[in-house]
Amino acid sequence: MQIKVVNKGHQPLPQYATPQSAGMDLRANLDEPIILKPMERRLIPTGLYIALPAGYEAQVRPRSGLALKKGITVLNAPGTVDADYRGEVGVLLINLSQEDFVINDGERIAQMVIARHEQGEFLTVEVLDETERGAGGYGHTGLI
């Protein structure tokens, strides 16, 4: 699938690291480093503007290495870029560690996964069908 992109930044376009990668790394497009303090959140620019085909979304997800090693994650994970959105793709990062984290220009800050989706239509009814699970949720199957 081809995705139209305008790169107003100075970073290379996202690309897959391996032939079977699901996500492409997104890079920070900055004029100067950003210091993300503990529990601080910031919208980090990428310089990328995309046009997805109808029926697709781009999911912005954390990079596992940043999350594990530095406590940096995408706050609204996964963030959704809709097919009709034409603004800059931004990454909403939060620092969940107890140390400052410096985001440098060109740093890989998130990954983007292109996913197909459906739109649902709600149908109002008086009662739902019964299932074995019923209304059980949030740990209803036990602790382990």
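For the structure, see preceding data.
Residues numbered from 1 in each chain as written. Predicted model: local features only at pLDDT ≥ 70, side-chain atom pairs only at ≥ 80, totals over all residues. Heavy atoms only, no water.

Asks: Outline the pattern of salt bridges, supporting the account with residue identities and numerical values.
Replies: Summed over all chains, the structure comprises 4 salt bridges. Salt-bridge contacts for D100 lead to K37; the nearest nitrogen and oxygen are separated by 3.4 Å. In this pair, D100 sits in the loop between β8 (88–95) and β9 (101–103) while K37 sits in the loop between β3 (34–36) and β4 (41–51), placing the two residues 63 residues apart along the sequence. Here E40 and R42 are joined by a salt bridge, their closest N and O atoms 3.9 Å apart. For R42, a relative accessible area of 33% puts it in the partly exposed group. (Salt bridge = Lys/Arg side-chain N within 4 Å of Asp/Glu carboxyl O. Helix = DSSP H or I, 4+ residues; strand = E, 2+ residues; numbered from the N terminus. Buried < 20%, exposed > 50% of the residue type's maximum accessible area, 1.4 Å probe, protein only.)

Asks: So what about unusual backbone geometry? Which residues, and what values?
Replies: Backbone phi values are negative for most residues with the exception of glycine, while trans is the configuration of most peptide bonds. With an omega of -15 degrees, the peptide bond running from A77 to P78 counts as cis. Within the fold, P78 resides in the loop between β6 (72–74) and β7 (79–81). One non-glycine residue with positive phi stands out, namely M39, at about 65 degrees. Its place among the elements puts M39 in the loop between β3 and β4. Classification of M39 as exposed rests on a relative accessible area of 53%.

Asks: Before we move on, can you summarise the packing of aromatic side chains with the specific residues and values?
Replies: Counting across every chain of the model gives 0 aromatic pairs. Across the ring face of Y49, the terminal group of K8 is positioned such that the distance to the ring centre comes to 4.6 Å. (Phe/Tyr/Trp six-rings, centres within 6.5 Å; stacked < 30°, edge-to-face > 60°. Lys NZ or Arg CZ within 6 Å of the ring centre and 35° of its normal.)

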